[in-house]
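Summary of the model geometry
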Amino acid sequence: ENSGQATAFNAGFAAAADESTTPKESLIKNGDFKTLDDKGRPTGWGLAENGVTVVTDGGINTLSLKTMETGSTSAVQELALDPSWGTLRFTYQVWVKSIIPGKLTWNNARIALTFIGPEKKVTHMIAGEWNQPTMGWADCTYNVSIPAAATAVKISPAIFDAVGEWLLRGLKVEVAAK
């Protein structure tokens, strides 16, 4: 089921969250890609075997996703959610160096979101997508409403069935202020 795309504006709120239990820090682990394993790959992330590396740009660790021919690559991290939080705010910087989209609308560079609810019901959304290169680094902020009854979200910076390269740095996922 595809319930649509996230936008840079709030689309609505769930029940008001209890301020005392609402996390104040980023929910994502290692969103700055500084903690690396012995192979130089970021810890806390499920990573495709090929096409995902960490590069240093101006002293800042950056996740690089690259496909040389039509194909897919991604990193993924699953977060537990409380639907009462209402809205998640994604902030990051992105540089899409090249992208040749595939045949379908989702064959591009994107941060895919897979919300999981009761009985493994899935809702697909995004926190950014690109069908063409950016002019260097772009600052991005997306507010995404948590679907009712969602208990987790898989966050996946990815290239899906396309050819290209893009860089991601400084990824934060926070509960948006109400």
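Just so you know, these numbers come straight off a predicted model, no measurement behind them.

Counting secondary structure elements, the protein chain contains zero helices and eight strands. Going from N to C terminus, the protein chain has its helices and strands arranged as β-β-β-β-β-β-β-β. For the protein chain, the proportion of its 178 residues judged to be buried stands at 47%. In the protein chain, the share of contacts with a sequence separation of at least 24, taken over all contacts with a separation of at least 6, comes to 77%. With the model as given, the accessible surface of the protein chain reaches about 9,200 Å², and the carbon-plus-sulfur share is 54%.

Bringing the nonpolar core into the picture now. Leu-88, Phe-90, Tyr-92, Leu-113, Phe-115 and Trp-166 are the most contacted members of the largest nonpolar core, which totals 39 residues. Within the residue set of this core, elements represented by two or more residues are β2 (52–57), β3 (60–80), β4 (87–100), β5 (109–116), β6 (122–130), β7 (138–145) and β8 (152–175). Ranked by the residues each element gives to this core, the list is headed by β8, at nine residues.

On to the pattern of salt bridges. The full count for this structure, using the stated rule, is one salt bridge. Close ionic contact of Arg-110 with Glu-129 constitutes a salt bridge, the shortest N to O distance being 2.6 Å. Taken together, the residues span a long stretch of sequence, with Arg-110 in strand β5 and Glu-129 in strand β6 at a distance of 19 residues. Judged by its relative accessible area of 24%, Glu-129 falls in the partly exposed class.

A complete count under the given rule lists six aromatic pairs for this structure. Geometrically, the ring pair formed by Tyr-92 and Tyr-142 is stacked, given 6.5 Å between the ring centres and 5° between the ring planes. Placement of the pair is Tyr-92 in strand β4 and Tyr-142 in strand β7, with a sequence separation of 50 residues. In this pair, the class of Tyr-92 matches that of Tyr-142, namely buried. On the basis of an interplanar angle of 40° and a centroid distance of 5.2 Å, the ring pair of Trp-130 and Trp-166 is categorised as tilted. Highlighted residues: Trp-130 in strand β6 and Trp-166 in strand β8, separated in sequence by 36 residues. The class for Trp-130 is buried, based on a relative accessible area of 9%. A connected cluster of aromatic rings, assembled from ring pairs, spans Tyr-92, Trp-130, Tyr-142 and Trp-166. It is Arg-169 that lies over the ring of Trp-137; its NZ or CZ is 3.8 Å from the centre.

When you line up the elements, Thr-62 lands in strand β3. C-alpha separation for the pair Thr-62 and Pro-42, spaced 20 residues apart in sequence, amounts to 9.8 Å. A distance of 3.2 Å separates a polar atom in the side chain of Thr-62 from the backbone oxygen of Ile-60.

In this section: unusual backbone geometry. If you check the backbone angles, Lys-120 has positive phi at about 60° while not being a glycine. Checked against the element boundaries, Lys-120 lands in the loop between β5 and β6. Take Lys-120: its relative accessible area is 68%, and that puts it in the exposed class. Despite not being glycine, Asp-161 has its phi angle at roughly 45°, a positive value. Tracing the backbone through its elements, the reader meets Asp-161 in strand β8. When its relative accessible area of 32% is taken as the criterion, Asp-161 is described as partly exposed.

Secondary-structure assignment places Ser-156 in strand β8. Ser-156 sits in the buried class, given a relative accessible area of 12%. Residue contacts for Ser-156: discarding those within four places in its chain leaves Ala-75, Val-76, Arg-110, Ile-111 and Ala-112.

Criteria and cut-off values
Residues numbered from 1 in each chain as written. Predicted model: local features only at pLDDT ≥ 70, side-chain atom pairs only at ≥ 80, totals over all residues. Heavy atoms only, no water. Helix = DSSP H or I, 4+ residues; strand = E, 2+ residues; numbered from the N terminus. Buried < 20%, exposed > 50% of the residue type's maximum accessible area, 1.4 Å probe, protein only. Contact = heavy atoms within 4.5 Å. Areas by Shrake-Rupley, 256 points an atom, 1.4 Å probe, with all protein chains shown as cover. Core = buried A, V, L, I, M, F, W, Y, C linked by side-chain atoms within 4.5 Å. Salt bridge = Lys/Arg side-chain N within 4 Å of Asp/Glu carboxyl O. Phe/Tyr/Trp six-rings, centres within 6.5 Å; stacked < 30°, edge-to-face > 60°. Lys NZ or Arg CZ within 6 Å of the ring centre and 35° of its normal. Polar contact = N/O pair within 3.5 Å; in protein donor to acceptor, adjacent residues only side chain to side chain.

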